[in-house]
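These are the residues of each chain, in order.
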Amino acid sequence: MSLKAGIVGLPNVGKSTLFNAITKQNILAANYPFATIDPNVGVVNVPDLRMNVLNDMYMPERLIMASYEFTDIAGLVKGASTGEGLGNKFLSHIREVDAIVEVVRCFDDSNIIHVEGNCDPVRDVEIIDLELAISDLEIVTNRLDKVYKKAMTTKDADSLVEVSALTKAKEALEKSIPLREIDFTDEEKLKIKSFQFLTMKPIIYLANIKEDELAEPDNKYVTSLKEYLENAKVIKICAKVESELSELSIEEKEEMLEMLGVKTSGLDELINATYEILGLKTYFTVGSDEVRAWTFRAGMNAKECAGIIHTDFEKGFIKVEVMSYNDLIECGSELKVKEAGKLRIEGKDYIMQDGDICHFRFNR
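Thresholds applied
- Residues numbered from 1 in each chain as written.
- Predicted model: local features only at pLDDT ≥ 70, side-chain atom pairs only at ≥ 80, totals over all residues.
- Heavy atoms only, no water.
- Helix = DSSP H or I, 4+ residues; strand = E, 2+ residues; numbered from the N terminus.
- Contact = heavy atoms within 4.5 Å.
- Core = buried A, V, L, I, M, F, W, Y, C linked by side-chain atoms within 4.5 Å.
- Buried < 20%, exposed > 50% of the residue type's maximum accessible area, 1.4 Å probe, protein only.
- Axes fitted to C-alpha atoms, helices over the stretch in contact; angles between N-to-C directions.
- Parallel < 35°, antiparallel > 145°, perpendicular 65-115°, else oblique.
- Nonpolar A, V, L, I, M, F, W, Y, C, P; charged D, E, K, R; others polar.
- Expected span 1.5 Å × (residues − 1).
- Polar contact = N/O pair within 3.5 Å; in protein donor to acceptor, adjacent residues only side chain to side chain.
- Phe/Tyr/Trp six-rings, centres within 6.5 Å; stacked < 30°, edge-to-face > 60°.
- Pairing = 2+ DSSP bridges.
- 1 Å grid on protein atoms, 1.4 Å probe; cavity = no way out; pocket = protein on both sides within 12 Å on 5 of 7 lines; lining within 4 Å.
- Points joined across faces, edges and corners; volume = space filled by probe spheres on them.

**Q** Explain the side chain of Glu162 residue by residue, including any values.
**A** Locating Glu162 in the fold gives a position in helix α5 (residues 157-174). Ignoring any residue separated from it by four or fewer positions in sequence, one finds Glu162 in contact with Arg143, Val147, Lys191 and Phe195.

**Q** I'd love a proper account of the nonpolar core, names of residues and values included.
**A** Of all hydrophobic cores here, the largest spans 72 residues; its most connected members are Tyr68, Phe70, Ile94 and Leu270. Cys305, Val320, Val322 and Phe362 belong to the second largest nonpolar core, which has 17 residues in total.

**Q** For the packing of helix α4 (residues 121-154) against helix α7 (residues 220-229), give the residues involved together with the corresponding values.
**A** In contact at an axis separation of 8 Å, α4 and α7 are set at 45 degrees when each is read in the N-to-C sense. On the basis of the axis angle, α4 is oblique to α7. When α4 is examined against α7, the residues Pro121, Val122, Val125 and Glu126 are found in contact with a partner set consisting of Tyr221, Ser224, Leu225, Tyr228 and Leu229. Tallied by class, the residues present in the contact of α4 with α7 amount to seven nonpolar, one polar and one charged.

**Q** Describe helix α10 (residues 266-277), naming the residues involved and giving the relevant values.
**A** A rise of 1.5 Å per residue sets the reference length of α10, with its 12 residues, at 16 Å; its end C-alpha atoms lie 16 Å apart and thus fit the reference within 8%. For α10, the full list of buried residues reads Gly266, Leu267, Leu270, Ile271, Ala273, Thr274 and Tyr275. Where α10 begins, the side chain of Ser265 points an oxygen toward the backbone nitrogen of Leu267, at a separation of 3.1 Å.

**Q** Residues and numbers for the packing of aromatic side chains, please.
**A** The geometry of an aromatic ring pair is captured by the separation of the ring centres together with the interplanar angle, meaning the angle of the planes. Under the defined criterion, the tally for this structure stands at nine aromatic pairs. Ring plane angle 75 degrees and centroid distance 5.9 Å describe the contact between Tyr283 and Phe360, whose orientation is recorded as edge-to-face. On the criterion of sequence distance, the pair formed by Tyr283 in strand β8 (residues 280-285) and Phe360 in strand β12 (residues 356-362) is long-range, its members being 77 residues apart. Like Tyr283, the residue Phe360 is buried in the burial classification. Between the aromatic rings of Phe317 and Phe360, the centroid separation amounts to 6.4 Å while the plane-to-plane angle is 65 degrees, which identifies the pairing as edge-to-face. Residue Phe317 is located in strand β10 (residues 317-324), and its partner Phe360 is located in strand β12; the two are separated by 43 residues in the primary sequence. An identical accessibility class is assigned to Phe317 and Phe360; each is buried.

**Q** Quick rundown of the pairing of strand β5 (residues 99-105)? Include the residues and the values.
**A** Of all seven residues making up β5, seven are buried, and the element is well covered by its neighbours. With burial as the criterion, each face of β5 is covered, one bearing Ala99, Val101, Val103 and Arg105 and the other bearing Ile100, Glu102 and Val104. Here four bridges tie strand β1 (residues 4-8) to β5, and the two strands are oriented parallel to one another. Counted as the bridge partner of Gly6 is Ile100 from β5. Both β5 and strand β6 (residues 203-208) contribute to a ladder of six bridges, which runs parallel. In the sheet register, Glu102 faces β6, and the bridge partner there is Tyr205.

**Q** So what about the layout of surface pockets? Which residues, and what values?
**A** Estimates place the volume of the largest pocket at around 970 Å³. Surrounding the largest pocket, 29 residues form its lining, Asn45, Pro47, Ile250, Lys253 and Asp268 being those nearest its centre. Put simply, the parts of the chain that give the lining of the largest pocket at least two residues each are α1 (15-23), β2 (40-45), α2 (49-58), α8 (239-245), α9 (250-260) and α10. Top contributing element to the lining of the largest pocket by residue count: α10, with five residues. Here the residues of the lining of the largest pocket sort into 13 nonpolar, eight polar and eight charged. By volume, the second largest pocket amounts to about 730 Å³. Along the walls of the second largest pocket sit 19 residues, with Lys189, Lys193, Met200, Lys201 and Pro202 positioned nearest its centre.

Now the structure itself:
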C-alpha cells in the first residue's frame, strides 16, 4: 500500500532539516526562500517494537518494516494560491499526498531569515491554511458552475449529490473552515474524492523549537499555537536535534535523548502520529525466510488485505490462518498457539485487526 505524507510550511522553518533527519539524506537546507523547488521523496520505516520480538523468535533472513513516503515540499508564501513563489506548482505537489505535516517555527533567531519578518506561529499557520483553502475554493467554484445547471435541469441523482457536496464545501471554505471538519455523507465523499482537496487531508502540526527547550514546558509560541489549533495534533520537535540523532546508533540515540531529558524522538512520535491519523494498522507475515509488516487501512477485510501482498492473493483467496501477536507472545510459539485453540481460520469477510499474524491460502 503506497502512502505519502507531505511536509509543508513557510520558507526557512526547518522543513528540509527535518526531512534530512527523516530520510538520512543530504537534501539542500539553505537559509533563503525556495531552496527547495522540486519535492524530495524519502521512505521511512514505522517504529514497531513487535518486529524486534518477531525477529528474535523467527530469526528470518529478511526483516521488512512497514513504511511510507515523506515528501519535502517547497516553502509556501502568502499568495501561493495565485502563483506567488511558484505557489501553484507547490500546491499541486501537496494534492498528491495522503496527509499533511505542517512545520511551524516556534523560536526566535536573528540569524535565520523569516519570510514574514518575525516569529509568529499563529500568523504562519493562518497564511498556509488560507492558501490551501483559496486553492480548494477555486476548484469548488469552477466545478459548481459547470454542474449546477445540469443538476437542476435533469435532476440526475449523481449530479445532485455532487452539487450538494460542492455547496457544502463552498460555504465552509468561504468561512475559512477546512473541509476535513465538514460532515459529508459517504456518497458526497465519494463524489468529491477525485478533486483531492487540500483542506480535506488530515494534518499534523510540528512546532519546531530550540534544543534547550525540548524538556521544558511549552514556550510562548507553542502555547499560542496549541490554543489557536485547539484539538489539532501538535508535536513539539527540534529539527536540528533530530538531524543529529539520525546519525547515531540506537544506543547513542538513547543516551542523547536521556541527556536531553526526553523519552522519545520527536520523529518517532511524528511517524506514529502520521500512521495513526491516516487510520493505518499493521498485520504480519512470518517465517524463517522473512518477517514482514504490512500496512492496511482500518476496516479492510481479509481478502482486501491479501491483495496488498499481491493481486493474485486477492483474486484466488480461499481463506487465511490467523493468530494474534498477543496470543503468540503469551503462548510462546506457533505450536502452542495451535494447542491452545487460538489459531483461527477466517474467510474473505473477516475484518483484519492490528497485530494479526497471517498465512493466506489462495488458488494459483
